[in-house]
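Given next are the chains, with one letter for each unit.
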Amino acid sequence: MRRLRVGVLIVLGLLLLLVPQLGGDYYVHVFALVFTNVILAASLRPSLTCGQLNIGHSAFMSVGAYASALLAKNLAVPFEVSMLCGALLAAVVGLAIGYPSLRLRGVYFAMVTVAFVEVIRLIAQLWVPLTRGMSGLSGIPKPNLLGVTLATKASQYYLALFLMLLTLLILWKLESSRLGLIWKSIGMADNLAQSLGVNIANHKLLAFMLGCFFAGVAGAFYAHFIRFLFPPEFGFLMATNILVYNYVGGRGHFAGPIVGAAFLSLLSEPFRGSAYETIFFSIAMLLTILFLPGGLITLPGKLAELRWGKSASAHSPSPAA
Amino acid sequence: MGEERIRSQSESRRVSSALLLETHGLTRHFGGLAAVNRVDLRVAEGEIVGLIGPNGAGKTTCFNLLSGFIRPTAGTIRFDGEDITRLRPHQVVKRGLVRTFQLTTLFQELTGLENVLLGLHLHSRRSLGRALFSRRRFPPDEVARSREVLEFTGLASQADQLARNLPHGHQRVLGIAMALAARPRLLLLDEPVTGMNLDESGRVMALVKTIRDRGVTVLLVEHNMKAVMGTCERIVVLNFGQTLAEGSPAEVSTNAKVIEAYLGAGLAHARG
């Protein structure tokens, strides 16, 4: 089973490396955006694991995107530095929002984050001298690495792939360490975690800021890739989409948001920008809740169970017993 | 579970019979109701003290106050001479006052071992860098110590089971194991044997005695009178948030006021 999984991952990795060779610029573009969505979805996970429903993640992407774009455009800061600044600013904004509001639970915290999306959108919209408001911010330089401009779509694709893999590696390492265990414990029973000496306020804040940081990374890449920023893009709709990636993919495993983001953003591609996009996401969410409460990642297990159930009942009790 | 460590810890800190926990005029109001009313509680190092009383007497509120989950309306709590009245739960634990919960409050989706590992939280050298660059999931010494705690509490064979799949009795013991992993000096047990059969509760109470013999002071709330009388050296009876009586099991069980509080409540129930 493990060998099979590793094999699938290797084949998948090779395919992803070959996308620019096999497909045209269109696929390169689409996949680079999928990678951004994967970063966004995965970076929401630490907070969700702590039991904090964050419906405002797109705001932090917006902060990272605008900060990086403005630094690069107005001050000619190299991409590595502007991206890092954007991500750090997103984390600092996360600290400012999270510190007072993370003591709220469940729906109350969610309401704060929803309101925050609107606040950031309005700031981007109304601070015209800086962000150009509703005219949109254009003329953002292409990303560069070590002074070399990544002019082709293919090279930008590899940058996105690299950023995604790095983000996933870091988040995976953290989640599988004691820190991840503490996040899970807070999500499961925060009073018990407290009674064992976990400072839940600090850990929730750390998980939240970490997510904001990587949302900032995704935003920065997005800004230099699309090279045009428009405030309403980072609105409530995108925030809910990030959440839907997590639920449709599955909350129980690290792979959940990755699968969810990849699956939904590829499948919704034909509807992108149209009114059908929202309908598509709502239907996906409804179907998941109804038929796969554990998300897409539980699908192989469910299928195996169906086949097992038939053959197993014949000769032996269930393997769990 | 580091038997020597615990023993030497308690010996070096203080001669036994020194006062470990002391509350003075501890009071908590909920609206107009005084759930806990001017309670003076004293627990000496090395004791097993029982806190009993009819339902609604304020026992659990007392625990919540001591462990920092709620703040008192008035009064002070001193632990080992230090005023801990205003501390938050995780700060209280850091000083060695660890509680368990009444219901089977566990991390249900984690294994027994992981549950105990979380109890070790305080003593872990955790850092972001360590989490990022270490190849092992958990430091081997912490895993080893968690296994020792499981061994000590008789749960070694359940280490890899999910907590929710354990039988009720084992779940309760796992709760105690987690608290032990946090290296308490004073352990607050909230109804440790409720819902257990005679055999199970006997084993848990024996475990409580062993824990005390290893240098941990115990304060427990329990409705099972046989367990309380057989284990505790001193008993404090609460009624309507106030201390009703205090003394050895024999003294308390023959105290007229205590009998009235229990039987009176029983009669009122029968009539109502």
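Here the structure is a predicted model, which is why all the values come from computation and not from measurement.

Caption draft 1: The arrangement of the overall build of chain B in detail. Secondary structure assignment for chain B yields 11 helices and 11 strands. Residue pairs at least 24 apart in sequence account for 69% of intrachain contacts in chain B once pairs closer than 6 positions are excluded.

Caption draft 2: Quick peek at the overall build of chain A. Counting its regular elements, chain A contains 14 helices and 4 strands. Computed over C-alpha atoms, the radius of gyration of chain A comes to 20 Å, within 12% of the 20 Å expected from 2.2 N^0.38 for 321 residues, which places it in the range of a compact globule. Intrachain contacts of chain A at a sequence separation of at least 6 include 76% that bridge at least 24 residues.

Caption draft 3: Layout of the interface of chain B and chain A. Residue-level contacts link 28 residues of chain B with 21 residues of chain A. Counting only elements with at least two residues in the side of chain B that touches chain A, the list comes to helix H3 (89–94), strand S7 (97–99), helix H4 (112–119) and helix H5 (128–133) of chain B. Its residues assigned to classes, the side of chain B that touches chain A comprises 15 nonpolar, 7 polar and 6 charged.

Caption draft 4: Main features of unusual backbone geometry. Residue and element names in this part refer to chain B. For Arg38, which is not glycine, the phi torsion reads 45° and is therefore positive. Exposure remark for Arg38: the 15 C-beta atoms within 10 Å place this residue in the partly exposed category. The phi angle at Arg183 is positive, at roughly 55°, despite the residue not being glycine. Summarising the element assignment, Arg183 is placed in the loop between helix H7 (168–181) and strand S8 (186–190).

Caption draft 5: Expanded view of the nonpolar core. With 162 residues, the main nonpolar core has Val38, Ile39, Ala90 and Val217 of chain A together with Ala177 of chain B as its most contacted residues. It is helix H10 (residues 200–226) of chain A that provides the largest number of residues to this core, a total of 18 residues. Excluding its chain neighbours within four sequence positions, the residues that come into contact with Ala90 of chain A are Phe60, Val63, Gly64, Cys212, Phe213, Ala215, Gly216 and Gly219 of chain A.

Caption draft 6: Examining the sheet that holds S7 of chain B more closely. Residue and element names in this part refer to chain B. Taken in spatial order, the 6 strands make up an open sheet running S7-S8-S9-S4-S10-S11, and their pairing is mixed. Sheet topology places S7 and strand S11 (242–247) at the edges, where each strand pairs with a single neighbour. Strand-to-strand twist of the sheet, defined as the mean angle between neighbouring strand axes without regard to direction, takes the value 20°. As paired strands, S7 and S8 are joined by 3 bridges and run parallel to one another. Considered in S8, the bridge of Leu97 is made with Leu186. Contacting strand S4 (48–52), S7, S8, strand S9 (217–221) and strand S10 (234–239), helix H2 (residues 59–66) crosses the sheet at an angle of about 145° to S8.

Caption draft 7: How the structure looks around the pairing of S11 of chain B. Here S10 of chain B runs beside S11 of chain B; their pairing, made up of 5 bridges, is antiparallel. Each residue of the ladder has a partner; that of Val236 of chain B, found in S11 of chain B, is Glu246 of chain B.

Caption draft 8: Structural detail: the confidence of the model for chain B. Taken as a whole, chain B shows an average pLDDT of 83; of its residues, 85% reach a score of 70 or greater. A low-confidence stretch, residues 1–16 of chain B stays under pLDDT 50, and its non-local contacts, those more than four residues away or across chains, total 19 contacts.

Caption draft 9: Region of the structure containing the packing of helix H7 (residues 153–175) of chain A against H10 of chain A. Residues and elements named next belong to chain A. Across the interface, H7 lies against H10 with an axial gap of 11 Å and an inter-helix angle of 180°. The pairing of H7 with H10 is recorded here as roughly antiparallel in orientation. Residues Gln156, Ala160, Leu163 and Thr167 of H7 touch H10, and the partners they reach there are Phe214, Val217, Phe221 and Phe225.

Caption draft 10: Examining the packing of helix H3 (residues 57–75) of chain A against H10 of chain A more closely. All names here are of chain A. Orientation of H3 relative to H10, taken along the N-to-C sense of each, is 50°, at an axis distance of 6 Å. One way to sum up the angle between H3 and H10 is to call them oblique. Here the hand of the crossing between H3 and H10 comes out right-handed. Between H3 and H10, the residues in contact are His57, Phe60, Met61, Ser62, Val63, Gly64, Ala65, Ser68, Ala69 and Ala72 and Gly211, Cys212, Ala215, Gly216, Val217, Ala218, Gly219, Ala220, Tyr222, Ala223 and His224, respectively.

Caption draft 11: Just the pairing of strand S5 (residues 74–79) of chain B, in detail. Residue and element names in this part refer to chain B. Sheet topology note: the strand S1 (residues 19–30)/S5 ladder contains 5 bridges and is antiparallel. Looking at the pairing, His24 lines up with Thr76 of S5. Where S5 meets strand S6 (residues 82–83), 2 bridges bridge the pair, whose relative direction is antiparallel. If you follow Phe79 over to S6, its bridge partner there is Glu82. The antiparallel pairing of S5 with S6 creates a hairpin that spans 2 residues between the two strands, and Asp80 there sits at a positive phi of about 55°.

Caption draft 12: Spatial organisation of helix H6 (residues 140–152) of chain B. With 13 residues, H6 of chain B ought to run about 18 Å at 1.5 Å a step, and its terminal C-alpha atoms sit 18 Å apart, in line with that. Contact partners of the buried residues in H6 of chain B: H4 and H7 of chain B.

Caption draft 13: Broad picture of the confidence of the model for chain A. All names here are of chain A. With 96% of its residues at a pLDDT of 70 or more, chain A has an overall mean of 87. When mean pLDDT is compared element by element in chain A, H10 scores highest at 94, while helix H14 (residues 299–315) scores lowest at 69. Low confidence marks residues 312–321, where pLDDT is under 50. Its contacts with residues over four positions away, or in another chain, come to 1 contact.

Caption draft 14: Just the environment of Leu117 of chain B, in detail. Inspection of the secondary structure puts Leu117 of chain B in helix H4. Note on Leu117 of chain B: 27 C-beta atoms within 10 Å, which makes it buried. Along the chain, Leu117 of chain B and Arg147 of chain B lie 30 residues apart, while their C-alpha atoms are 9.0 Å from each other. Filtering out sequence-adjacent residues up to four positions away, Leu117 of chain B remains in contact with Leu181 of chain A together with Phe138, Glu142 and Ser146 of chain B.

Caption draft 15: Looking closely at helix H1 (residues 2–22) of chain A. All names here are of chain A. Over its 21 residues, H1 runs 29 Å from end to end, which matches the ideal 30 Å to within 8%, given 1.5 Å per residue. Maximal helix bending in H1 amounts to about 30°, located at Leu16; proline Pro20 follows within four positions. With 1 of 21 residues buried, H1 is to be regarded as a mostly surface element.

Caption draft 16: Representation of the environment of Ser282 of chain A. Its place among the elements puts Ser282 of chain A in helix H13 (residues 276–291). As a C-alpha pair, Ser282 of chain A and Thr240 of chain A span 42 residues in sequence and 10.0 Å in three-dimensional space.

Rules of the game
- Residues numbered from 1 in each chain as written.
- Chains lettered and ligands numbered in written order.
- Predicted model: local features only at pLDDT ≥ 70, side-chain atom pairs only at ≥ 80, totals over all residues.
- Helix = DSSP H or I, 4+ residues; strand = E, 2+ residues; numbered from the N terminus.
- Contact = placed C-beta atoms within 7 Å.
- Rg over C-alpha atoms; globule rule 2.2 N^0.38 Å.
- Nonpolar A, V, L, I, M, F, W, Y, C, P; charged D, E, K, R; others polar.
- Buried ≥ 20, exposed ≤ 12 C-beta atoms within 10 Å, placed from the backbone.
- Core = buried A, V, L, I, M, F, W, Y, C linked by C-beta atoms within 7 Å.
- Pairing = 2+ DSSP bridges.
- Axes fitted to C-alpha atoms, helices over the stretch in contact; angles between N-to-C directions.
- pLDDT = per-residue confidence, 0-100.
- Parallel < 35°, antiparallel > 145°, perpendicular 65-115°, else oblique.
- Left-handed = near helix turned anticlockwise from the far one by under 90°.
- Expected span 1.5 Å × (residues − 1).
- Bend = angle between axes of the 7 residues up to and from the residue.

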